[in-house]
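Observations on the model geometry
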Amino acid sequence: MAPNVSNKRKFTPVKTETGPSKKYVKAEKAKEPVESEEEEEEEWEEEDEEMEKAVSDDGAGGWVDEDADEDADQEMEDGENGEQKPPKDPNASREAHKAQKVLAAERKANKPHADTMTAAKRIWEKLRLKKLPAEERKALVDEMLELTKKNVTEIIFKHDASRFIQTCLKYGSQEQRQAFAAALKGRYVEMSKSSYGKYTVIKCLHYGSAATRAGIFSEFYGNVRKLIKHKEAAYVLEDAFRDYGNTAQKNALLEEFYGQEFAVFKSEKNDAKTLAEILEANPEKKDLVLRNLGESIVGSLKKGSIGFTIIHRALHDYMNNCSDAQFADMLDNIKENIAEVVHTKDGSDLAMLCFAKGTPKDRKVLVRALKPYAQKLAMDEYGCLVFCAIFETVDDTVLVNKSLLSELKPHLQEMMMHKYGRRVLLYILCGCDPRYFFKESTKMLEAVKEIRQTTSKKDPEVRRQELLNFISEPLLELIAAKPTKLIEESLSSQVVTETLLFANGDKGAALDAILNIARESPVVDVMHPVNFNYASRVYKTLVSGGHWDPKENKIHTVEPRLEFESMMLPVVEKHLADWASSNGSYVVIALLETLEGEERERLVRKLKSNKAAIQAAAKKDKVSGGVKKILEVIA
């Protein structure tokens, strides 16, 4: 078929490795105007001649006829002698796919234990169903156990077989789980290093008995230093240490960091000791043990294991028993990554120790490393204590304000209502008050204070006031803006009380807000603040001017006094009978104990005039104990 002739043409330049020829690249500068039409035509003719010379004789470039190309493509589709090619078979693709399936099945059948894996998969498909009768599930686990018991140690490293055994451990009885654990005995270290086998080890630890766990731990002994550096096994060892080991087992794992002697010779009594106990019993081995422990820790840190609980314990023990020079060297290794350790008990204690013993330069690096995680740190069970240690040790309060407290400002309300976040605020307001801190936390913070005496220069009270000045204004503004929400929440009401007692600055707006939400009758208004026990305690404490000390049997009033009792008196007098006969009776008692002179006498007279209503309230089954005390006062 002859191609059609067409006038549609386009020029295809010759392609070279170095790009198009420079003589065809038009200059960006504007050409000078042509003097006449004859000169312009001569110029275009010269360009045409140059282009024709550039075109290759073999068709590598030049003028291309698009219609001719289309006709040529059509000729290629036609067969020889101008005959049309036969159409493709629509079933050819389907047949090819079937052949591929057959080939894949043949390959799968030729793999080791193919029959076992196929049968096990059928059992697993039923066994993993959530809704399955207990008897049928037990029978399926028994069938899986019988099928795989001969070669379980060989197939356990396959991704599908690992899932089969994990499901059996999850749904099997205790006897069945022990049977699987016994079949895997001797392979736990190897399985821990496997991408799929490691999950079976974790399931054995999770669902196994104490004897099963002890057997797994015994296989880990002697291999701890290798396992902690392995990319797969390190996570198994971490889970075993953190979640499943008892104290003796944990100490036995840690012992292997102390040297080869402790890895080889394990006590049969299962009474592994802590590092402090070992050094006390063997003082001549201190240098060797600490050197081995330090090398093990540094090696693990290089592998990225700083977030592991077992490393936190090792670091904690090392830095509590090493020399000052060794402490400084190890601090240099971890201070940039201190945020990785503060979420555990040992890591938190370690971070507090670093702030207590570190130099001002070290503390600056530590604070900046924690800045991106300030809010998360403040709301962590152990991280909040690190904040408290920072408040006690870092003399550069400007750095603390800019790097940490400024990060907390947008989240003050959330922190006030948080179990752990509130403690950060409370520590600035009233220190390590036993009302809000456990004895163990108080003990650790006291140890920080003792070390701080030799490493910090600023007076502790000056440091606290500087921090308090920074946080007081935003807290008071928040209370003034949202008094109801904060005072009716158990945890945030504590922060409200301490803020109004100890914060610096103008408290007028915040106190007015607290008074305004209590102006209605507590009997008529069911949602009145004093009908909530914790909100009632806020008013009682503010009226008293401080907290009651049961040891000294007196109230420790703050200075300067709030004089809140005089502000509260008109609010209570408006609905005095309702206050005195409800949960607000304790606030009335606090007024009687705090007011003096004419104000107290006036309150007593009004209470006597409402004595009948108070007596009627006292006869009810559910009545506040404060009602009876009021009757005793006005009797």
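To keep things clear, this report deals only with the structure shown in the data block. (Residues numbered from 1 in each chain as written. Predicted model: local features only at pLDDT ≥ 70, side-chain atom pairs only at ≥ 80, totals over all residues. Heavy atoms only, no water.)

Looking now at the overall build of the chain. Each helix and strand counted, the chain has 38 helices and 4 strands in total. Evaluated residue by residue, the chain yields a buried proportion of 44% over its 635 residues. Long-range pairs, those at least 24 residues apart, make up 69% of the contacts in the chain between residues at least 6 apart in sequence. As displayed, the chain has an accessible area near 35,900 Å², and 50% of this comes from carbon and sulfur atoms. (Helix = DSSP H or I, 4+ residues; strand = E, 2+ residues; numbered from the N terminus. Buried < 20%, exposed > 50% of the residue type's maximum accessible area, 1.4 Å probe, protein only. Contact = heavy atoms within 4.5 Å. Areas by Shrake-Rupley, 256 points an atom, 1.4 Å probe, with all protein chains shown as cover.)

With that settled, the discussion passes to helix H27 (residues 439–455). Spanning 17 residues, H27 covers 25 Å between terminal C-alpha atoms, matching the ideal 24 Å at 1.5 Å per step. Listed in full, the buried residues belonging to H27 are Ser 441, Thr 442, Leu 445, Val 448, Lys 449 and Arg 452. The arc that holds every buried residue of H27, seen down its axis, measures 115 degrees, which confines them to one face. Structural note: H27 exposes Lys 439, Glu 440, Lys 443, Glu 450, Gln 453 and Thr 454 on the side pointing more than 90 degrees away from its buried face. Of the surrounding secondary structure, the elements contacted by the buried residues of H27 are helix H20 (345–357), helix H23 (383–393), helix H26 (421–430) and helix H28 (460–481). (Expected span 1.5 Å × (residues − 1). Arc of directions from axis to C-beta.)

The next thing to look at is the pairing of strand E4 (residues 554–557). Pairing between strand E3 (residues 546–549) and E4: 4 bridges, direction antiparallel. Counted as the bridge partner of Gly 546 is Thr 557 from E4. Between the antiparallel neighbours E3 and E4 lie 4 residues, among them Asn 553 with a positive phi of about 60 degrees. (Pairing = 2+ DSSP bridges.)

A separate point is the packing of H20 against H27. For any two helices packed against each other, the geometry comes down to the angle between their axes and how far apart the axes lie. The N-to-C vectors of H20 and H27 enclose an angle of 20 degrees; their axes lie 8 Å apart at closest approach. The orientation of H20 with respect to H27, classified from their angle, is roughly parallel. Judged by the twist between their axes, the crossing of H20 over H27 is right-handed. Residues Lys 345, Asp 349, Met 352, Leu 353, Ala 356 and Lys 357 of H20 lie in contact with H27, whose contacting residues are Glu 440, Met 444, Leu 445, Val 448, Ile 451 and Thr 455. The residue makeup of the contact of H20 with H27, split by class, is 7 nonpolar, 1 polar and 4 charged. (Axes fitted to C-alpha atoms, helices over the stretch in contact; angles between N-to-C directions. Parallel < 35°, antiparallel > 145°, perpendicular 65-115°, else oblique. Left-handed = near helix turned anticlockwise from the far one by under 90°. Nonpolar A, V, L, I, M, F, W, Y, C, P; charged D, E, K, R; others polar.)

Attention now moves to the packing of aromatic side chains. All told, the structure shown has 6 aromatic pairs when counted by the stated rule. With centroids separated by 6.4 Å and ring planes inclined at 65 degrees, the aromatic side chains of Phe 217 and Phe 220 adopt a geometry described as edge-to-face. Taken as a pair, Phe 217 and Phe 220 lie in helix H11 (residues 210–220) at a separation of 3 residues, close to a single helical turn. You'll find Phe 217 and Phe 220 in the same group, each marked buried. The ring of Trp 124 has Arg 128 lying over it, and the distance from NZ or CZ to the ring centre is 4.4 Å. Just above the ring of Tyr 171 sits the side chain of Arg 137; from NZ or CZ to the centre is 4.1 Å. (Phe/Tyr/Trp six-rings, centres within 6.5 Å; stacked < 30°, edge-to-face > 60°. Lys NZ or Arg CZ within 6 Å of the ring centre and 35° of its normal.)

One finds Phe 220, Ile 310, Met 319, Phe 564, Met 568 and Leu 607 to be the most contacted residues of the largest nonpolar core, which totals 167 residues. Tallying contributions element by element places H23 first for this core, with 8 residues. In contact with Leu 607, other than residues within four places in its own chain, are Leu 576, Ala 580, Val 588, Leu 592, Ile 614, Ile 630 and Ile 634. (Core = buried A, V, L, I, M, F, W, Y, C linked by side-chain atoms within 4.5 Å.)

Looking now at the side chain of His 312. Of note, His 312 is situated in helix H18 (residues 309–321). Residue His 312 is classed as buried on the basis of its relative accessible area, which comes to 0%. Once residues within four sequence positions are removed from consideration, His 312 is found in contact with Ile 306, Gly 307, Glu 340, Val 341, His 343, Thr 344, Asp 346 and Gly 347.

Moving on: the packing of helix H33 (residues 564–574) against helix H36 (residues 597–609). Between H33 and H36, the least distance of the axes is 12 Å, while the angle of their chain directions is 15 degrees. The orientation of H33 relative to H36 falls into the category roughly parallel. When you trace H33 past H36, the crossing you get is left-handed. Contact with H33, carried on its side by Ser 566, Leu 569 and Glu 573, involves Glu 599, Arg 602, Leu 603 and Lys 606 of H36 and no other residues of that element. Considered class by class, the residues forming the contact of H33 with H36 number 2 nonpolar, 1 polar and 4 charged.

Tallied over the entire structure, the rule returns 26 salt bridges. Linking Lys 149 and Glu 146 is a salt bridge whose minimum nitrogen-to-oxygen distance equals 3.2 Å. Classification of Glu 146 by relative accessible area gives exposed; the value is 52%. Notably, a salt bridge pairs Lys 345 with Glu 440, separated by 3.4 Å at the nearest N-O pair. Placement of Lys 345 in helix H20 and of Glu 440 in helix H27 is noted, with a sequence separation of 95 residues between them. When salt bridges with common partners are traced through the structure, they connect Glu 238, Asp 239, Arg 242 and Asp 243 into a single cluster. (Salt bridge = Lys/Arg side-chain N within 4 Å of Asp/Glu carboxyl O.)

In this section: the state of the cysteines. Enumeration according to the criterion identifies 0 disulfides in this entry. For Cys 322, which is in no disulfide, the shortest distance to another cysteine sulfur is to Cys 354 and amounts to 9.8 Å. Given a relative accessible area of 11%, Cys 322 falls into the buried group. Cysteine Cys 430 shares no disulfide, and the gap to the nearest cysteine sulfur, in Cys 432, comes to 9.2 Å. (Disulfide = S-S within 2.5 Å.)

Geometric descriptors of this kind do not, in isolation, establish any biological role.
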